[in-house]
Amino acid sequence: MKFHITTFGCQMNVHDSQWLTAALESRGWEAAGEDDAQVYILNTCSVRDKPEQKVYSELGRVAAHLKRDENVFAAVGGCVAQQVGEGFFDRFPHVKLVFGSDGIAGAPNALERIARGRDDRVALLDFMPKFAEREQPEKVSALVPETRQAFVNIMQGCDNFCAYCIVPYTRGRQKSRHPEAILEECRMLAGNGVREITLLGQNVNSFGLDKGGAGVTFAGLLTSVAAIDGVDRLRFTTSHPKDIAPEVIAAFGELENLCPSLHLPMQAGSDKVLKAMRRRYDIERYLAIVDGLRSARPDISLTTDLIVGFPGETEEDFRQTLDMVERVGFESSFSFKYSDRPGVAAVNMEPKVDPEEAAERLLRLQTLQNNITRKCLKKMVGVQTDVLMEGLSRMQDGPLASWKGRDPAGRIVNVPMEFEAGLAGMLVPVKIMEAKKHSLNGERTGEPW
Ligand code: SAH
Ligand code: SF4
Ligand code: F3S
């Protein structure tokens, strides 16, 4: 069988798609382009209205392929699948499988049964009481990309119920994974050549605060993963400020391979809005965490998520967000207009911010962010660093091949080199020569390793 996966949403979805690819390839299935696929799998995101709407338009588009072959069918996984469930069967007759966050573990077998005509329609939407371990695929190439960067799940779900957020409904309650299973997977990946590991969860700082986790804290887990042979770079995402432990902050100064970057969603710069969002920290606490991180690791690069136009946000509240963005000096940020989601607390909060006003705030925020990003990148000129190469750059304009990679903080660095191939997954010593709008240019100063 030939399958095609389209992925929306966060890194957890990206990783889920990698695992599903590996599990299907282990069954002899083959990843294919859209025109050849017999099974279309959409791994969906529901965090805002826009990605949800995209799922419906994609399914409409995919329906065109049905004419080619009557056995062609579609499967919908991820957060919209969890949210809408069997509703997909009514609206889209070519959808034969829906699977949610925990249901994905059973998706490969269900797809096989449907492809063999043994099952007509399957819904895998139950939440499990414990972290749903998945089979370890025999063929791991989809989990071990050429770039030698891999993701590892350490938990599922979220208990925070921030007032705007649908994730606790789509991913279920927080369930930490057993630390031994995490470490075993990390060792397997390192054994297969992976040199950068990103630990994944909606709220990794609260790892082990539920019944899973076997008494190991997130800081303890970080220390164990960092000690695995071959792990040159360790990252984690996402972090909720309220749960970050002093030991995790200290780890940035102690663990050499823990990368000097942290994505720490702030969401808003006004205590009033943070309270309405139910984030359970205030600006003072957020700034204290930032100070702690910078004392532990002065070169740490901080990035964030921000929402504008949350119900009740005034111009003054919004200005406080601008203020905080400037004070912290985030290297970059993802910023979004508040979007009503079904069932979340903020749906009933008033007054709603006028959409045009929200759009204007977003633009002001992004203009400020671009200026700060530019300043941060300029400071990097002259710095000697190591870049983990990911592949050839999109723009090729010089006599040498231009390669794209990332420095330890995750900044994109383009480097001209005499090699046309074979550098993905290599670390290259580089001196930063120039700052662009969203990336850096550098020169190779040593041998790739
Ligand atoms: N677990 C992560 C966030 C996951 S969702 C955390 O707590 O940091 C990713 C981002 O989407 C959030 O940080 C938030 O900024 C944004 N987001 C979530 N729900 C939203 C909504 N209803 N409208 C607009 N943005 C939203
Ligand atoms: Fe959503 Fe808040 Fe949980 Fe993040 S911590 S996933 S924003 S509810
Ligand atoms: Fe989207 Fe679900 Fe991730 S809503 S952001 S795919 S957890």
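Residues numbered from 1 in each chain as written. Chains lettered and ligands numbered in written order. Predicted model: local features only at pLDDT ≥ 70, side-chain atom pairs only at ≥ 80, totals over all residues. Heavy atoms only, no water.

1. As for the packing of aromatic side chains
What counts, and what does not: Pairing of aromatic rings covers Phe, Tyr and Trp, the last through its six-membered ring, and needs centres within 6.5 Å; plane angles under 30 degrees mean stacked, over 60 mean edge-to-face, and all others mean tilted. Secondary structure elements follow DSSP: runs of H or I of four or more residues count as helices, runs of E of two or more count as strands, with numbering from the N terminus. Burial classification: accessible surface area is computed with a 1.4 Å probe over protein chains only, and a residue below 20% of its type maximum counts as buried, one above 50% as exposed, and the rest as partly exposed. Lysine and arginine charges are scored as sitting over a ring when NZ or CZ, respectively, is within 6 Å of the ring centre and within 35 degrees of the ring normal.
Enumeration over the complete set of coordinates arrives at 11 aromatic pairs. The interplanar angle of 35 degrees and the centroid separation of 6.0 Å between the aromatic rings of Tyr56 and Phe88 together place this pair among those described as tilted. Linking Tyr56 in helix H2 (residues 49-62) with Phe88 in helix H4 (residues 87-91), this pair joins segments that are 32 residues apart in sequence. Phe88 shares its class with Tyr56; the two are buried. Here Tyr56 and Phe92 contribute two aromatic rings whose centre-to-centre distance is 6.4 Å and whose plane-to-plane angle is 0 degrees, an arrangement assigned as stacked. Here Phe92 lies in the loop between H4 and strand S5 (95-99) and Tyr56 lies in helix H2, a separation of 36 residues in the sequence. By relative accessible area, Tyr56 is classed as buried at 12%. Classification of Phe92 by relative accessible area gives buried; the value is 10%. These aromatic residues form a ring-pair network of at least three members: Tyr56, Phe88 and Phe92. The residue whose ring lies beneath Arg48 is Phe336, and the NZ or CZ to ring-centre distance is 3.6 Å. In this structure, Arg195 is placed above the aromatic ring of Trp449, and the distance from its NZ or CZ to the ring centre is 5.0 Å.

2. Notes on the site of ligand 2
Cut-off, in case you're wondering: Nearness here has a simple test: a residue counts as near a molecule or strand if at least one of its heavy atoms is within 4 Å of that partner. Here the term charged refers only to Asp, Glu, Lys and Arg, the term nonpolar to Ala, Val, Leu, Ile, Met, Phe, Trp, Tyr, Cys and Pro, and the term polar to all other amino acids, Gly among them.
For ligand 2, the full set of nearby residues is Cys158, Asn160, Phe161, Cys162, Tyr164, Cys165, Val167, Pro168, Gln202, His240 and Arg279. Residues belonging to the shell around ligand 2 are distributed by class as follows: seven nonpolar, three polar and one charged.

3. Focus: the packing of helix H11 (residues 283-296) against helix H12 (residues 315-328)
Put simply, the test is: Interaxial angle, 0 to 180 degrees, is taken between N-to-C directions of lines fitted to C-alpha atoms, where a helix line uses only the stretch in contact. The scheme is simple: roughly parallel for angles under 35 degrees, roughly antiparallel for over 145, roughly perpendicular for 65 to 115, oblique for anything else. For a crossing to be left-handed, the near helix must be turned anticlockwise from the far one by less than a right angle; the clockwise case is right-handed. Contact definition: two residues touch when any of their heavy atoms are within 4.5 Å.
Following both chains from N to C, one finds H11 and H12 inclined at 15 degrees, their axes separated by 11 Å at the closest point. Judged by the inter-axis angle, H11 sits roughly parallel to H12. Viewed along their axes, H11 and H12 form a crossing whose handedness is right-handed. Contacts between H11 and H12 involve Ile283, Tyr286, Leu287, Val290 and Arg294 from the first element and Met324, Arg327 and Val328 from the second. For the contact of H11 with H12, the class distribution of residues is six nonpolar, no polar and two charged.

4. A closer look at the UniProt feature "binding site: [4Fe-4S] cluster 1" (unreviewed entry) in the protein
Put simply, the rule is: UniProt positions are given in the numbering used here, feature names are shortened, and annotations may be inferred rather than shown by experiment.
The residues that UniProt annotates with the feature "binding site: [4Fe-4S] cluster 1" (unreviewed entry) are Cys10, Cys45 and Cys79. A maximum C-alpha distance of 10.5 Å among these annotated residues, which run over 70 residues, shows that they cluster at one spot. Assignment of secondary structure puts Cys45 in the loop between strand S3 (39-44) and H2. Residue classification places Cys45 among the buried residues on the basis of a relative accessible area of 11%. Those residues in contact with Cys45, other than ones at most four positions away along the chain, are Phe8, Gly9, Asn13, Pro51, Glu52, Cys79 and Val80. Tracing the backbone through its elements, the reader meets Cys79 in helix H3 (residues 79-84). Residue classification places Cys79 among the buried positions, given a relative accessible area of 8%.

5. Brief notes about unusual backbone geometry
Omega for the peptide link from Thr237 to Thr238 comes to 5 degrees, which places this bond in the cis form. Here Thr238 shows up in the loop between strand S11 (233-237) and helix H9 (246-254). Cis geometry is adopted by the peptide bond preceding Pro351, which originates at Glu350 and carries an omega value of -5 degrees. Backbone geometry places Arg148, a non-glycine residue, at a positive phi of 65 degrees. Inspection of the secondary structure assignment puts Arg148 in the loop between strand S6 (122-124) and strand S7 (149-153). Even without being glycine, Arg278 reaches a positive phi, approximately 60 degrees.

6. Describing the pairing of strand S1 (residues 2-7)
Here is the rule we go by: Only strands joined by at least two bridges in the DSSP assignment are considered to pair. Look down the strands so they point away from you; if going from the first strand over the helix to the second traces a clockwise path, that crossover is right-handed.
As judged from the two bridges shared by S1 and strand S2 (residues 30-31), these two strands associate in the parallel manner. Across the sheet, residue Phe3 finds its bridge partner in S2, namely Ala31. In this region the chain leaves S1, passes through helix H1 (residues 11-26) and returns to the parallel neighbour S2; the handedness of that crossover is right-handed.

7. Points about the nonpolar core
Applied cut-off: Throughout, nonpolar core names a set of buried Ala, Val, Leu, Ile, Met, Phe, Trp, Tyr and Cys residues whose side chains join them through atoms within 4.5 Å.
Counting residues in each nonpolar core, the largest one holds 95 residues, and the members touching the most others are Ile41, Leu199, Phe218, Leu222 and Phe236. Excluding its chain neighbours within four sequence positions, the residues that come into contact with Ile41 are Phe3, His4, Ile5, Thr6, Leu20, Leu24, Ala75, Phe99 and Leu111. Counting residues in each nonpolar core, the second largest holds 19 residues, with Ala37, Tyr40, Leu59 and Val72 among its members.

8. Here we look at the domain arrangement of the protein
The test is simple: For the domain bounds, the source is a domain assignment made automatically or taken from a database. Buried area: the accessible area, evaluated with a 1.4 Å probe, that two parts lose upon being put together, summed over both parts. Each polar contact in these results corresponds to two N or O atoms within 3.5 Å; when the atoms are within protein, one needs to be able to donate a hydrogen and the other to accept it, and residues that are neighboring in sequence are counted only if both atoms are side-chain atoms.
Here the protein is described as being made up of domain 1 (2-124), domain 2 (144-259), domain 3 (260-379) and domain 4 (384-444). Taking the mean C-alpha position of each, domain 2 and domain 3 sit 23 Å from one another. Of the residues lining the interface, 25 residues belong to domain 2; the matching set on domain 3 comes to 31 residues. When domain 2 packs against domain 3, close to 2,200 Å² is buried across both sides, 64% of that on carbon and sulfur atoms. Across the contact surface, domain 2 and domain 3 share 10 residue pairs in polar contact (both at pLDDT 80 or more). Contributing elements (two or more residues each) for the side of domain 2 that touches domain 3: S11 and H9.

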